[in-house]
Amino acid sequence: MAHQIQTIGIIGSGQMGSGIAHVCSLAGFDVLVNDVSEDRIKSSLATISGNMARQAASEKITESDRNAALDRIAAAPDMDALAGCDLVIESATEEEAVKREIFANLKPIVKPSAILASNTSSLSITRLAAETTSPEHFIGIHFMNPVPVMELVEVIRGIATNQATFDSAREFVARLGKTIVVAEDFPGFIVNRILLPMINEAIYTLHEGVGTVDAIDTAMRLGAHHPMGPLQLADFIGLDTCLSIMQVLYEGLADSKYRPCPLLVKYVEAGWLGRKAGRGFYDYSGETPIPTR
Ligand SMILES: CC(=O)CC(=O)SCCNC(=O)CCNC(=O)[C@H](O)C(C)(C)COP(=O)(O)OP(=O)(O)OC[C@H]1O[C@@H](n2cnc3c(N)ncnc32)[C@H](O)[C@@H]1OP(=O)(O)O
Ligand SMILES: NC(=O)C1=CN([C@@H]2O[C@H](COP(=O)(O)OP(=O)(O)OC[C@H]3O[C@@H](n4cnc5c(N)ncnc54)[C@H](OP(=O)(O)O)[C@@H]3O)[C@@H](O)[C@H]2O)C=CC1
């Protein structure tokens, strides 16, 4: 039997955690948002409020939907506050060690029936589940960015995930009005197994001087009808996240075709993480983004 879900904890209030909190609260769930920094949680709540205001302005939701949803979200700077959650979705930085530590810390806090999920873009759900006391209650629920706009959610079972947990995840995603695709627990699942090598190749194309940032993005926007060019999309996702995913593909699939482009590595080492850092393949300090190469 599927678990009853009403209260959701979200760990990691960056761009994805904020988006997940946004759609969950609009769908009527109570949401608690946790992060390592209280400032980060505050800015996440402000982002959610602003994004909902835009949705209200374009009549996607009403002002009263917005107010009710915002009332359902609360800050939870202390992880202990997640004790009553029916579902906890981890959406912290894409690093296995960070996520493992979060799940290890959650172990003594959450109730035994709670479902634990990760929004990881690429990491093994089975390995993360092994960090918990009930791997049968663990599942991958992978949202797409920007969460309020994208229709898809990938759901990934670990080797131990039971049917009730899977059914609950499926019902939860349906309540958000999103479409589910089931992916097996392989590095990068489906979307990122296909999308990230394309982005990495775009960075190689830049690195080898085949085209400029503008030429590469224009080529793919107008020549392949992608809504964003691959370098623009890389900046939007976050170059640290792109690099982590490529490393997981490279190591997990043991194939040199997934080798992260050295230019991507350099950008991340420089702290040029894309939009969230103000600089990546574009400079975001002015009114419109300016290509950096
Ligand atoms: C890395 C991973 O693990 C997996 C991933 O997520 S990979 C990334 C997947 N995402 C993509 O590929 C995104 C590709 N880009 C796009 O689809 C589009 O460029 C986009 C939807 C992001 C923006 O579309 P756009 O038409 O260029 O811009 P814009 O007009 O600003 O936005 C379109 C609508 O979305 C809304 N929107 C955009 N971001 C939003 C947000 N964060 N919250 C709420 N609404 C948002 C806008 O308000 C706008 O709504 P209206 O139509 O009512 O005005
Ligand atoms: N970006 C994307 O397009 C997508 C990303 N994802 C996945 O979602 C997850 C989050 O990505 P995204 O939101 O983009 O990343 P962000 O960098 O925007 O946010 C990550 C957040 O996690 C916080 N954090 C780090 N360590 C901890 C911790 N121990 N406890 C609580 N919070 C922590 C970070 O804080 P601080 O900055 O202080 O370290 C930051 O606020 C990743 O697993 C990513 O792969 C999934 C789909 C799409």
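- If you check an unreviewed UniProt entry, the protein chain appears there as 3-hydroxybutyryl-CoA dehydrogenase from Bauldia litoralis.

### Considerations on the UniProt feature "site: Important for catalytic activity" (unreviewed entry) in the protein chain
Then, number 1: UniProt marks H142 with the feature "site: Important for catalytic activity" (unreviewed entry), using the numbering shown here.
Then, number 2: Checked against the element boundaries, H142 lands in strand β6 (residues 138-143).
Then, number 3: We classify H142 as buried; its relative accessible area is 3%.
Then, number 4: Setting aside its immediate chain neighbours within four residues, H142 contacts N119, T120, S121, L152, V153, E154, I156, F189 and N192.

### Quick notes on the packing of aromatic side chains
Then, number 1: One pass over the structure, following the stated rule, counts five aromatic pairs.
Then, number 2: Taken together, a centroid distance of 5.1 Å and an interplanar angle of 85° make the contact between Y267 and W272 edge-to-face.
Then, number 3: The class of Y267 is buried, set by a relative accessible area of 2%.
Then, number 4: An aromatic cluster is built from Y267, W272 and F281, whose rings are joined through pairwise contacts.
Then, number 5: One Lys or Arg, R157, reaches over the ring of F166 and ends 3.8 Å from the middle of that ring.

### Quick notes on the environment of Q247
Then, number 1: Along the polypeptide, Q247 turns up in helix α10 (residues 239-253).
Then, number 2: What makes Q247 partly exposed here is its relative accessible area of 33%.
Then, number 3: Taking the C-alpha atoms as reference points, Q247 and S122, 125 residues apart in sequence, are found 9.5 Å from one another.
Then, number 4: With sequence-adjacent residues up to four places away left out, Q247 is seen in contact with G252 and P260.

Rules used throughout
- Residues numbered from 1 in each chain as written.
- Chains lettered and ligands numbered in written order.
- Predicted model: local features only at pLDDT ≥ 70, side-chain atom pairs only at ≥ 80, totals over all residues.
- Heavy atoms only, no water.
- UniProt positions renumbered as here; feature names shortened; annotations may be inferred.
- Helix = DSSP H or I, 4+ residues; strand = E, 2+ residues; numbered from the N terminus.
- Buried < 20%, exposed > 50% of the residue type's maximum accessible area, 1.4 Å probe, protein only.
- Contact = heavy atoms within 4.5 Å.
- Phe/Tyr/Trp six-rings, centres within 6.5 Å; stacked < 30°, edge-to-face > 60°.
- Lys NZ or Arg CZ within 6 Å of the ring centre and 35° of its normal.

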